[in-house]
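# Structure assessment
So the chains spell out like this:
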Amino acid sequence: MAVPKRRMSRANTRARRSQWKTSAVVTTKCTHCGGQTRPHYACPSCGTYRGRLYSEAQRSEFADK
């Protein structure tokens, strides 16, 4: 296993970590109600996915976010 010979400076460490960025959550338009929903998830407002109505228990855990 590779072991660093020298300690990496704080500036170099922070410069490397500056590239760790998060991306925004992708949302699509629901075909049934027109609300915003994540792809491949049931719609949080109406509960439909690909034309089928799913019950409250089967909805996405991201419905309240």
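Residues numbered from 1 in each chain as written. Predicted model: local features only at pLDDT ≥ 70, side-chain atom pairs only at ≥ 80, totals over all residues. Heavy atoms only, no water.

## What to know about the overall build of the protein chain
Check the secondary structure of the protein chain and you find 1 helix and 4 strands. Ordered by position from the N terminus, the helices and strands of the protein chain form the series α-β-β-β-β. Across the 65 residues in the protein chain, those meeting the buried criterion constitute 14%. Accessible surface, the protein chain as shown: approximately 6,300 Å² in total, 52% of it carbon and sulfur. (Helix = DSSP H or I, 4+ residues; strand = E, 2+ residues; numbered from the N terminus. Buried < 20%, exposed > 50% of the residue type's maximum accessible area, 1.4 Å probe, protein only. Areas by Shrake-Rupley, 256 points an atom, 1.4 Å probe, with all protein chains shown as cover.)

## Structural notes on the environment of Thr27
Within the secondary structure, Thr27 is located in the loop between helix H1 (10-17) and strand E1 (28-29). On the accessibility criterion, Thr27 (43% relative accessible area) is partly exposed. Note: C-alpha distance between Thr27 and Arg38 (11 residues apart in sequence) is 4.6 Å. Sequence-distant contacts of Thr27, defined by excluding residues within four places in its chain, comprise Gln36 and Thr37. Of note is the side chain of Thr27, whose polar atom sits 2.9 Å from the side chain of Gln36. (Contact = heavy atoms within 4.5 Å. Polar contact = N/O pair within 3.5 Å; in protein donor to acceptor, adjacent residues only side chain to side chain.)

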